[in-house]
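Breakdown of the fold
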Amino acid sequence: MVCSTYRKKGKRICPSHQIRNSVIEQLLFTDLKRVTSYAREHEEEFVKLVTKSSEKALNQKLRESRREFEATNARITKLDMLIQKIYEDNVEGKISDERFQKMSASYESEQKQLEGRAAELQEYIHSAEERTLNTDRFLNLVRKYTDIQTLDAEIIREFVEKIIVFQAEKVDGHRQQRIQIVYNCIGAVDISAEKK
């Protein structure tokens with residue numbers, strides 16, 4: 001498997017690196033067994049770990065998005081009032097038709113951009129609220145697959161959102177390949193700190 005960033009954007013953005021599918025499958029299998037086993041055996045601690053690590057970042061970004069969404073909508077409303085005002089000023093002869101056209105075009109352009117951004121923010125807020133760390137769904141998957149002996153496409157689809165493969169590095173003369181597994185519902189999980 002070759003890096004998709006390298007394939008799409010070239011070597012100026014990302015140096016070429018690759019990893020064999022069998023290596024990814026083995027690493028995924030080992031990590032999945034480790035995470036599901038920990039989740040099954042230490043359910044309460046697992047829920048705390050997952051929510052603690054990603055809830056802060058998610059909540060911060062969600063708060064910022066909500067604030068920006070409110071400010072964007074306030075500006076859209078203000079622009080509506082400004083457009084109405086310049087229209088009235090034009091009708092009353094306070095501003096020329098040419099000036100009205102320029103101001104109107106400028107306001108409408110800004111409003112269109114803000115409406116696009118508001119739609120993006122609304123979509124993000126909606127999806128973030130929907131997936132606000134659905135650990136219950138992940139734990140239901142753990143209960144469904146109590147003892148995973150082999151990986152198949154269904155298990156991978158149910159558990160894994162994506163796998164990030166980093167460029168290989170030499171450590172103590174040995175080549176090491178690091179990957180990060182991002183699970184559905186809960187994101188990337190580091191249970192090594194909890195086990196100590």
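Just so it is clear, the model here is predicted, and its values are computed rather than measured.

Cut-offs used in this document
Residues numbered from 1 in each chain as written. Predicted model: local features only at pLDDT ≥ 70, side-chain atom pairs only at ≥ 80, totals over all residues. Heavy atoms only, no water. Helix = DSSP H or I, 4+ residues; strand = E, 2+ residues; numbered from the N terminus. Contact = heavy atoms within 4.5 Å. Areas by Shrake-Rupley, 256 points an atom, 1.4 Å probe, with all protein chains shown as cover. Salt bridge = Lys/Arg side-chain N within 4 Å of Asp/Glu carboxyl O. Buried < 20%, exposed > 50% of the residue type's maximum accessible area, 1.4 Å probe, protein only. Phe/Tyr/Trp six-rings, centres within 6.5 Å; stacked < 30°, edge-to-face > 60°. Lys NZ or Arg CZ within 6 Å of the ring centre and 35° of its normal. Core = buried A, V, L, I, M, F, W, Y, C linked by side-chain atoms within 4.5 Å. Polar contact = N/O pair within 3.5 Å; in protein donor to acceptor, adjacent residues only side chain to side chain. pLDDT = per-residue confidence, 0-100. Axes fitted to C-alpha atoms, helices over the stretch in contact; angles between N-to-C directions. Parallel < 35°, antiparallel > 145°, perpendicular 65-115°, else oblique. Nonpolar A, V, L, I, M, F, W, Y, C, P; charged D, E, K, R; others polar.

Digging into the overall build of the protein
For the protein, the count of helices and strands is seven helices and four strands. In sequence order, the protein lays out its α and β elements as α-α-α-α-α-α-β-β-β-β-α. Taking contacts inside the protein between residues at least 6 apart in sequence as the whole, the part at least 24 apart equals 63%. With the model as given, the accessible surface of the protein reaches about 13400 Å², and the carbon-plus-sulfur share is 49%.

With respect to the pattern of salt bridges
As enumerated under the stated definition, the model contains ten salt bridges in all. Residue Glu43 pairs with Arg143 through a salt bridge whose shortest N-O separation is 2.8 Å. Residue Glu43 is located in helix H3 (residues 43-91), and its partner Arg143 is located in helix H5 (residues 135-144); the two are separated by 100 residues in the primary sequence. Looking at Glu43, the relative accessible area reads 33%, which means it is partly exposed. Note that Glu110 is salt-bridged to Arg75, the shortest N-O span being 2.9 Å. Residue Glu110 is located in helix H4 (residues 97-130), and its partner Arg75 is located in helix H3; the two are separated by 35 residues in the primary sequence. Arg75 gets classed as partly exposed once you look at its relative accessible area, which sits at 29%. One continuous salt-bridge network, built from bridges that share partners, spans Glu68, Arg117 and Glu120.

What to know about the packing of aromatic side chains
With the rule as written, the count across this model stands at six aromatic pairs. Between Phe46 and Phe138, the aromatic rings sit 5.7 Å apart at their centres with planes inclined by 25 degrees, giving stacked as the arrangement. Of this pair, Phe46 sits in helix H3 while Phe138 sits in helix H5, and the two are 92 residues apart along the sequence. By the burial criterion, Phe46 is buried, and Phe138 matches it. Here the aromatic cluster, defined as three or more aromatic residues joined through ring pairs, consists of Tyr38, Phe46, Phe138, Tyr145, Phe159 and Tyr183. In this arrangement the basic side chain of Lys61 is found over the ring face of Tyr124, its NZ or CZ atom lying 5.0 Å from the centre.

Description of the environment of Cys185
Examined against the element boundaries, Cys185 turns out to sit in the loop between strand E4 (179-183) and helix H7 (192-195). With relative accessibility at 19%, the residue Cys185 sits in the buried group.

Regarding the nonpolar core
One finds Phe46, Phe138, Ile148, Phe159, Tyr183, Ile186 and Val189 to be the most contacted residues of the largest nonpolar core, which totals 27 residues. Within the residue set of this core, elements represented by two or more residues are helix H2 (21-41), H3, H5, helix H6 (153-159) and E4. Aside from chain neighbours lying at most four places away, what touches Phe138 is Val35, Phe46, Phe159, Tyr183, Asn184, Cys185 and Ile186.

Points about the side chain of Thr36
Looking at the secondary structure, you find Thr36 in helix H2. In terms of polar contacts, Thr36 uses its side chain to reach the backbone carbonyl oxygen of Leu32, at 2.7 Å. A distance of 3.3 Å separates a polar side-chain atom of Thr36 from the backbone oxygen of Lys33. In contact with Thr36, not counting residues within four places along its chain, are Val142 and Phe159.

Some thoughts on the confidence of the model for the protein
Summarising the model, the protein shows a mean pLDDT of 83, and 85% of its residues fall at 70 or more. Within the protein, the element-level pLDDT minimum falls on H7, averaging 54, and the maximum on H4, averaging 91.

Points about the packing of H2 against H5
Orientation of H2 relative to H5, taken along the N-to-C sense of each, is 100 degrees, at an axis distance of 10 Å. On the basis of their axis angle, the class for H2 and H5 is roughly perpendicular. Across the interface between the two elements, Val35, Thr36, Ala39 and Arg40 from H2 touch Phe138, Leu139 and Val142 from H5. Its residues assigned to classes, the contact of H2 with H5 comprises five nonpolar, one polar and one charged.

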